[in-house]
Amino acid sequence: MNTGSNTSGEAVAAEDRTGTDEAAAGRALGSRAPEFVRARRALHLSWQVGVFVVGLAVVVAGVAMLVLPGPGWVVIFGGMAIWATEFVWAQLVLRWTKRKVTEAAQRALDPKVRRRNIILTSIGVVIVAVLAGIYLYRFGLEMPWKIKDQ
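Residues numbered from 1 in each chain as written. Predicted model: local features only at pLDDT ≥ 70, side-chain atom pairs only at ≥ 80, totals over all residues. Heavy atoms only, no water.

A. Spotlight on the overall build of the protein. When you go through the protein residue by residue, the secondary structure sums to 6 helices and 0 strands. For the protein, the N- to C-terminal ordering of α and β elements is α-α-α-α-α-α. Taking all 150 residues of the protein together, the buried fraction comes to 17%. Contacts in the protein between residues far apart in sequence, at least 24 positions, make up 41% of those at least 6 positions apart. Carbon and sulfur atoms make up 68% of the accessible area of the protein, which amounts to about 11500 Å² in all. (Helix = DSSP H or I, 4+ residues; strand = E, 2+ residues; numbered from the N terminus. Buried < 20%, exposed > 50% of the residue type's maximum accessible area, 1.4 Å probe, protein only. Contact = heavy atoms within 4.5 Å. Areas by Shrake-Rupley, 256 points an atom, 1.4 Å probe, with all protein chains shown as cover.)

B. Looking closely at the nonpolar core. Formed by Val 51, Val 59, Met 80, Trp 83, Ala 84, Phe 87, Ala 90 and Leu 94, the largest nonpolar core amounts to 8 residues. Among the secondary structure elements, those contributing two or more residues to this core are helix H3 (41-67), helix H4 (72-84) and helix H5 (88-108). In terms of residue count, the dominant contributor to this core is H4 (3 residues). Excluding residues that lie within four positions of it along the chain, Trp 83 makes contacts with Val 51, Phe 52, Gly 55, Leu 56, Val 59, Trp 89 and Ala 90. (Core = buried A, V, L, I, M, F, W, Y, C linked by side-chain atoms within 4.5 Å.)

C. Examining the packing of aromatic side chains more closely. Scanning the entire structure with this criterion turns up 5 aromatic pairs. Ring geometry for Trp 83 against Trp 89: centres 5.3 Å apart, planes inclined by 55°, an arrangement best described as tilted. Judged by its relative accessible area of 7%, Trp 83 falls in the buried class. Following the ring pairs from residue to residue traces out a cluster consisting of Phe 52, Trp 83, Phe 87 and Trp 89. (Phe/Tyr/Trp six-rings, centres within 6.5 Å; stacked < 30°, edge-to-face > 60°.)

D. Fine view of a nonpolar patch on the surface. A grouping of Leu 45, Val 49, Phe 52, Val 53, Leu 56, Val 60, Trp 89 and Val 93 is seen on the molecular surface, where their side chains present a nonpolar patch of about 680 Å² in accessible area. Of all the secondary-structure elements, those providing two or more residues to the nonpolar patch are H3 and H5. Top contributing element to the nonpolar patch by residue count: H3, with 6 residues. (Patch = residues over 30% accessible without salt bridge, like charges linked within 9 Å, V, L, I, M, F, W, Y side chains within 5 Å. Salt bridge = Lys/Arg side-chain N within 4 Å of Asp/Glu carboxyl O.)

E. Summary view of the packing of H3 against H4. Axis separation between H3 and H4 bottoms out at 7 Å; the angle between their running directions is 170°. It follows that H3 is roughly antiparallel to H4 by the angle criterion. In this structure, H3 uses Val 51, Phe 52, Val 54, Gly 55, Leu 56, Val 58, Val 59, Ala 61, Gly 62, Val 63, Met 65 and Leu 66 to contact H4, whose residues at the interface are Gly 72, Trp 73, Val 75, Ile 76, Gly 78, Gly 79, Met 80, Ile 82 and Trp 83. Here the contact of H3 with H4 is composed, by residue class, of 16 nonpolar, 5 polar and no charged. (Axes fitted to C-alpha atoms, helices over the stretch in contact; angles between N-to-C directions. Parallel < 35°, antiparallel > 145°, perpendicular 65-115°, else oblique. Nonpolar A, V, L, I, M, F, W, Y, C, P; charged D, E, K, R; others polar.)

F. Layout of H3. Compared with the 39 Å implied by 1.5 Å per residue over 27 residues, the 40 Å span of H3 between its first and last C-alpha is a close match. Buried positions along H3 lie against helix H2 (35-38) and H4. (Expected span 1.5 Å × (residues − 1).)

G. Fine view of helix H6 (residues 111-139). Under the 1.5 Å per step criterion, the end-to-end length of H6 is 42 Å for 29 residues, consistent within 8% with the ideal 42 Å. A positive phi of about 75° marks Gly 140, the residue just after H6.

H. Quick peek at the pattern of salt bridges. Evaluated as defined, the whole model comprises 1 salt bridge. Residue Glu 103 pairs with Lys 100 through a salt bridge whose shortest N-O separation is 3.7 Å. Of this pair, Glu 103 and Lys 100 both sit in helix H5, 3 residues apart, roughly one helical turn. Judged by relative accessible area, Lys 100 falls into the partly exposed class, the value being 37%.

See the structure below:
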């Protein structure tokens, strides 16, 4: 009789079985297709093929943007997010990626790491300035391809 409470209990149990921490387990793994699509096998398979093709097109466009102008990695992760609406493996990859990005952001905000990065950047700027000064002292404002043999 009380099937409504049973269903929500099963949903909570499904979230607990994902094997991830509570913050990442905000949603259960699996298809997010509408219920009427999931209820029909042929329609659900067509839905999955459509999601895969659209996600693949976005990922391929992102890979092309790695060598062409454009936000390649952002588009690739957008394609992964499209896949994650339907495929568990993509959901797991996105959870892992989010966790690693969060860890990297926390490490980057560490005062010791920031201090080290500032020192290394300063050393790099000084080296470039010294090299530019040597070049200007030796050749003036001549471009390298216009310098006469000495």
